[in-house]
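Structural features, examined
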Amino acid sequence: MFWAVNKKSGSFLFLNIGFSRFFMQLLKLTFCVYRPWIKSDKIVPVETASGYSFPSGHSVTATANYGTIIERNRKHKMLCVFMIIMILLTMFSRNYIGVHTPQDVLVGALLGAVVVILGSKAWEWIDKSKKRDNIIPCVCLVFTVLFLVYISLKTYPMDYVDEKLLVDPSKMMKDGFKDAGRFLGVTIGWFLEREFVRFTLNVTAVQKATRCCFGVLLIIFYENAFMPMITEAISSSWISFALTFFELILLMVIYPLCFSKIESMRKIKKA
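I will try to describe carefully the structure that is included in this document. All of these numbers come straight from a predicted model, not from anything done at the bench.

1. Concerning a nonpolar patch on the surface
Nonpolar side chains collect at one region of the surface, where Trp125, Ile135, Val139 and Phe143 lie side by side and expose about 340 Å² of accessible area between them. Here the nonpolar patch takes 3 residues from helix α6 (residues 135–153), the largest share from any one element. Relative to the elements of secondary structure, valine 139 occurs in helix α6.

Next up, the structure:
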């Protein structure tokens, strides 16, 4: 979407997913709600899941993702209906396999929807004045710092069953740092691309396909080779933050800058 179809919609997807997951982690690490089968032995999950339960991360992400598509394509009724069905199926599946309660998925969906709605309003506000671009990364930087200080200093429940810790706070904090890196990465990446890179979609279908093919290979390499290699060598919350942050900068700024420069050079050579 971002590289080849609709850059504004792609940016909106990046931002909404980054923002929704950030606030999801804020709620998870604040309330520290255990999984349903821990709270009631009547619930037998089809599969287990780690970490805290409230709100449902899958429901948050699905609503932010599919909700953005709905917001950007409101005139296409069938597409919107299909996206709503996808959100509902995601919510249902998390209840069905027993890893979330109805409250978890409902609040998750609500959070994703609020982010999409407020994000749309914020985008309209930003577009009214070029000077407003600088406000978003500055505000998000402050939010990130406050969030990291908060989750690092707060206390977490340390409950054991059969001498086994139910939820390891250090692992949950690492997830929080990871999503904080994503949150800051999408805002800085959005700002840098908007202000300095400004790549265009006014290229051939072959060039768009090339962008996507090499981009997918880049993502596969980064997430399946580079990130595991680094985290295995250095396991820390700050490494998780840095790797996620850099991935968004790579996808939103560095890679678009590279392919736009290469395309410009080829255009000059042909001329």
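2. Looking at the packing of helix α8 (residues 205–233) against helix α9 (residues 237–270)
Axes are the key here: two packed helices are described by the angle between their axes and the distance separating the axes. It is at 11 Å that the axes of α8 and α9 come closest, and there the two elements cross at 155 degrees. It follows that α8 is roughly antiparallel to α9 by the angle criterion. Between α8 and α9 lies a crossing whose hand is right-handed. Considered class by class, the residues forming the contact of α8 with α9 number 14 nonpolar, 4 polar and 4 charged.

3. Looking at the packing of aromatic side chains
Two numbers describe a pair of aromatic rings. These are the distance of the centres and the angle of the planes. If you walk through the whole model with that rule in mind, you get 22 aromatic pairs. For the ring pair phenylalanine 2 and phenylalanine 199, a centre distance of 5.2 Å and an interplane angle of 80 degrees mean the geometry is edge-to-face. Highlighted residues: phenylalanine 2 in the segment before α1 (7–31) and phenylalanine 199 in the loop between α7 (169–197) and α8, separated in sequence by 197 residues. For the pair shown, phenylalanine 2 and phenylalanine 199 are each scored as buried. Each ring, one from tyrosine 255 and one from phenylalanine 259, has its centre 5.1 Å from the other, and the planes form 80 degrees; the classification is edge-to-face. You can see tyrosine 255 and its partner phenylalanine 259 sitting in helix α9, 4 residues apart, about one turn around the helix. For the pair tyrosine 255 and phenylalanine 259, one class covers both residues: buried. Among the aromatic residues, ring-to-ring pairing joins Phe2, Trp3, Phe14, Phe199, Tyr255 and Phe259 into one connected group. Here lysine 7 stacks its cationic end above the ring of phenylalanine 199, 4.4 Å away from the centre of that ring. The positively charged end of lysine 154 is found above the aromatic ring belonging to tyrosine 156, 4.1 Å away from the centroid.

4. Looking at the nonpolar core
Membership of the largest hydrophobic core comes to 37 residues, with the highest contact counts inside it found for Tyr52 and Trp190. Elements represented by at least two residues in this core include exactly α1, α5 (102–127), α6, α7 and α9. The biggest single contributor to this core is α7, with 10 residues. Listed in part, the 7 residues of the second largest apolar core include Ile70, Ile87, Met91 and Ala109.

5. Side note on empty space enclosed by the protein
A full pass over the atoms with the stated rule returns 1 cavity of 30 Å³ or more. For the largest cavity, the calculated volume is near 50 Å³. Only α1 and α3 (57–72) provide two or more residues apiece to the lining of the largest cavity. With 3 residues, α3 is the largest single contributor of residues to the lining of the largest cavity. When the residues that make up the lining of the largest cavity are grouped by side-chain class, the tally is 3 nonpolar, 3 polar and 1 charged.

Parameters at a glance
Residues numbered from 1 in each chain as written. Predicted model: local features only at pLDDT ≥ 70, side-chain atom pairs only at ≥ 80, totals over all residues. Heavy atoms only, no water. Patch = residues over 30% accessible without salt bridge, like charges linked within 9 Å, V, L, I, M, F, W, Y side chains within 5 Å. Areas by Shrake-Rupley, 256 points an atom, 1.4 Å probe, with all protein chains shown as cover. Salt bridge = Lys/Arg side-chain N within 4 Å of Asp/Glu carboxyl O. Helix = DSSP H or I, 4+ residues; strand = E, 2+ residues; numbered from the N terminus. Axes fitted to C-alpha atoms, helices over the stretch in contact; angles between N-to-C directions. Parallel < 35°, antiparallel > 145°, perpendicular 65-115°, else oblique. Left-handed = near helix turned anticlockwise from the far one by under 90°. Nonpolar A, V, L, I, M, F, W, Y, C, P; charged D, E, K, R; others polar. Phe/Tyr/Trp six-rings, centres within 6.5 Å; stacked < 30°, edge-to-face > 60°. Buried < 20%, exposed > 50% of the residue type's maximum accessible area, 1.4 Å probe, protein only. Lys NZ or Arg CZ within 6 Å of the ring centre and 35° of its normal. Core = buried A, V, L, I, M, F, W, Y, C linked by side-chain atoms within 4.5 Å. 1 Å grid on protein atoms, 1.4 Å probe; cavity = no way out; pocket = protein on both sides within 12 Å on 5 of 7 lines; lining within 4 Å. Points joined across faces, edges and corners; volume = space filled by probe spheres on them.

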